[in-house]
Amino acid sequence: MARDTDPGERKESLDTQLWTTRGDPREATVRHFFLDLFDGETTRQTFENTAPRCSVGSGTGNDVILDDPTVSRFHCEIQTDGSGARILDLSSRNGTLLDGVLVRDAYLRAGSVLQLGRVSLRFRPAEHRTPLPVSSRTELAGLVGRSVAMRACFAIIERAAASDVVVLVEGETGTGKSRAARAVHQLSARSAAPFLTVDCGAIPANLLETELFGHRKGAFTGAIEDRVGVFEGAEGGTVFLDEIGELPLDVQPKLLKAIEDREVRRVGTNQYRPVDVRLIAASNRDLRAEVNAGRFRADLFYRLAVVRLTLPPLRQRPDDIAPIAERLLGSLGAPAEDTANLLSPAFLARLEASSWPGNVRELRNHLERCLVFHDAMVPVHEVTDAESEGDRGAPRIDPRSSYTDARRRALDGFERAYVKALLELHGGNVSRAAEAAELDRAYLYKLMRRHRGSKG
């Protein structure tokens, strides 16, 4: 949570790694940072942030609220992770400038200046750290994760399940939003009651209201009998609205009323019926950007985002790929020999180096293709005693690949391993690591971004 604090001189570090684990996810910490609101040479106000995310805008739902008409309701968000601090523009009206450059998604450095409309903010990492709550679990309701990012999500799920608040699950396609919603339900006191799902993007707009709230016989053409909507059908349980960002604007106020008043009205009637359900919504869009664009009501967003759970994409948690692949191969019934090949260090290294825009769903499809087309697998190359000592440290190669592809993979593997070992040696301090390696600090940051997640 960002808070207003007195401006003052503080020791600054050029190291912007804001998460540290020290080898044990349970010891993860979040580094605080400051945002200085300044005008010329004068600092007018300073905000201190102590959480992994900090939203900035003119609306009341932000962590940092800027009272300026040139700042959008939800203007941008600063996210922190093991690679540093990122600034994400939320489709703001006037855009976000980082050190004079218009950006959508970029990494910050100590002293970076953000321009939001007419407002200028300076980013400063602080010396203070706060423990990051992480779960002791590495699996939850079909979700698999031993990384700090995923176990932090498990901790949020556990805390959300202990209450009855509305939960908004966000994340890219294939990150496991529906599994996360089911996990909240299964861990809650409502677990024995129904868990009903409505995919707001798969139902025609004219039928979505009756799907949610039901209808009376004769309410419209084709309504040949009374129908109970999911809010009534899930009595005592949980309603999961998937892809809530697709909800038509004319249905949004009716959903808001159902959430706030805990009652619904079937289409074709004037009678309201009380309902006792817990609501979980999910979206692969950032609903704050949808609010800025006028496609989603701000009051409904505020009501949905009581607890926000953002699932990280697979590319940001490469440590999870091996256990996820093992789980997926088990569910696919893969033969033991194929499983051994697909879980070999060489093959897993290739998986971890991929970006996976479709996340776990894409990974599953890839593994399934490998089981069908065996030439997609990289055979495990075992080092024998006959090999020379000089070859023992050479990267394993697939001679069926082109020279260019094989060389690129080998270089990527070296860079990833070198950057990880270098940062570990210097305690995550980028400045000291760059100096010791005789690298320009900017180039080391570039390597870190290229092999994101290599910092451990």
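Residues numbered from 1 in each chain as written. Predicted model: local features only at pLDDT ≥ 70, side-chain atom pairs only at ≥ 80, totals over all residues. Heavy atoms only, no water.

A.B. asks: It is not clear to me how a nonpolar patch on the surface should be interpreted in this structure. Could you clarify?
C.D. replies: Nonpolar side chains collect at one region of the surface, where L411, F414 and Y418 lie side by side and expose about 290 Å² of accessible area between them. With respect to the secondary-structure elements, Y418 resides in helix α13 (residues 403-425). Residue Y418 is classed as partly exposed on the basis of its relative accessible area, which comes to 36%. (Patch = residues over 30% accessible without salt bridge, like charges linked within 9 Å, V, L, I, M, F, W, Y side chains within 5 Å. Areas by Shrake-Rupley, 256 points an atom, 1.4 Å probe, with all protein chains shown as cover. Salt bridge = Lys/Arg side-chain N within 4 Å of Asp/Glu carboxyl O. Helix = DSSP H or I, 4+ residues; strand = E, 2+ residues; numbered from the N terminus. Buried < 20%, exposed > 50% of the residue type's maximum accessible area, 1.4 Å probe, protein only.)

A.B. asks: Whenever I open this one, the side chain of T269 confuses me. Can you help?
C.D. replies: As for its placement among the helices and strands, T269 is situated in the loop between β19 (263-265) and β20 (272-274). We classify T269 as buried; its relative accessible area is 13%. Reaching out from T269, the side chain makes a polar contact with the backbone oxygen of R266 at a distance of 2.9 Å. (Polar contact = N/O pair within 3.5 Å; in protein donor to acceptor, adjacent residues only side chain to side chain.)

A.B. asks: Would you explain the pairing of strand β7 (residues 76-81) in this entry?
C.D. replies: Remember that side chains alternate between the two faces of the sheet whenever the strand is regular. Of all six residues in β7, six are buried, a share of seventy percent or more. Here β7 shows no split at all, with C76, I78 and T80 on one side and E77, Q79 and D81 on the other all buried. Direction of pairing for strand β5 (residues 53-57) relative to β7: antiparallel, over a ladder of four bridges. Note that in β7 the partner of R53 across the bridge is Q79. Direction of pairing for β7 relative to strand β8 (residues 84-89): antiparallel, over a ladder of six bridges. Residue pairing for β8: I78 is matched across the bridge by I87. (Pairing = 2+ DSSP bridges.)

A.B. asks: What exactly am I supposed to notice about the nonpolar core here?
C.D. replies: Within soluble globular proteins, side chains that are nonpolar generally end up buried alongside one another. In terms of nonpolar packing, the biggest core is built from 34 residues, with L212, F231, L241, I244, L247 and L304 touching the most fellow members. Of all the secondary-structure elements, those providing two or more residues to this core are α3 (205-213), α4 (230-233), β18 (238-242), α5 (252-261), β21 (278-283), α6 (287-292) and α7 (298-304). Discounting residues that sit within four places of it in the chain, L304 has contacts with V166, V167, L168, I244, I259, L279, A281 and F296. Residues L66, I87, V103 and F123 belong to the second largest nonpolar core, which totals 22 residues. (Core = buried A, V, L, I, M, F, W, Y, C linked by side-chain atoms within 4.5 Å. Contact = heavy atoms within 4.5 Å.)

A.B. asks: Where do I start with helix α11 (residues 359-372) in this structure?
C.D. replies: The periodicity of an α-helix, 3.6 residues per turn, causes residues three or four positions apart to be oriented the same way. Between its terminal C-alpha atoms α11 stretches 20 Å, which fits the 20 Å expected from 14 residues at 1.5 Å a residue. Every buried residue of α11 is accounted for by N359, L363, H366, L367, C370 and L371. Considered in projection along α11, the buried side chains sweep an arc of 140° and stay on one side of the axis. Residues of α11 that are buried in the fold lie against α8 (321-331), α9 (336-342) and α10 (345-352). (Expected span 1.5 Å × (residues − 1). Arc of directions from axis to C-beta.)

A.B. asks: Explain the packing of aromatic side chains here, please?
C.D. replies: What characterises a pair of aromatic rings is the spacing of the ring centres plus the angle enclosed by the ring planes. A full pass over the atoms with the stated rule returns six aromatic pairs. Ring geometry for F74 versus Y302: centroids 5.9 Å apart, planes at 55°, classification tilted. Within this pair, whereas F74 is found in the loop between β6 (64-65) and β7, its partner Y302 is found in helix α7, the two being separated by 228 residues in sequence. When the centroid spacing of 5.7 Å and the interplanar angle of 35° are considered together, the rings of F213 and F231 count as tilted. (Phe/Tyr/Trp six-rings, centres within 6.5 Å; stacked < 30°, edge-to-face > 60°.)

A.B. asks: Looking at this structure, how should I read the sheet that holds β6?
C.D. replies: As a general point, the strands of a sheet are linked pairwise by backbone hydrogen bonds and lie either parallel or antiparallel. Across the sheet, which stays open at both edges, the five strands sit in the order β6-β5-β7-β8-β11 with mixed pairing between neighbours. At either end of the open sheet lies a strand with only one pairing partner, and these are β6 and β11 (105-107). Pairing geometry for β5 and β6, over two bridges, is parallel. Opposite V56, over in β6, you have V64 as the bridge partner.

A.B. asks: Would you mind going over the pattern of salt bridges with me for this structure?
C.D. replies: Pairs can form between side chains of opposite charge whenever their charged atoms are close. Inspection of every chain in the model, using the stated rule, returns 25 salt bridges. A salt bridge links E290 to R285; its shortest N-O distance comes to 3.1 Å. On the accessibility criterion, E290 (7% relative accessible area) is buried. Notably, a salt bridge pairs D320 with R317, separated by 2.9 Å at the nearest N-O pair.

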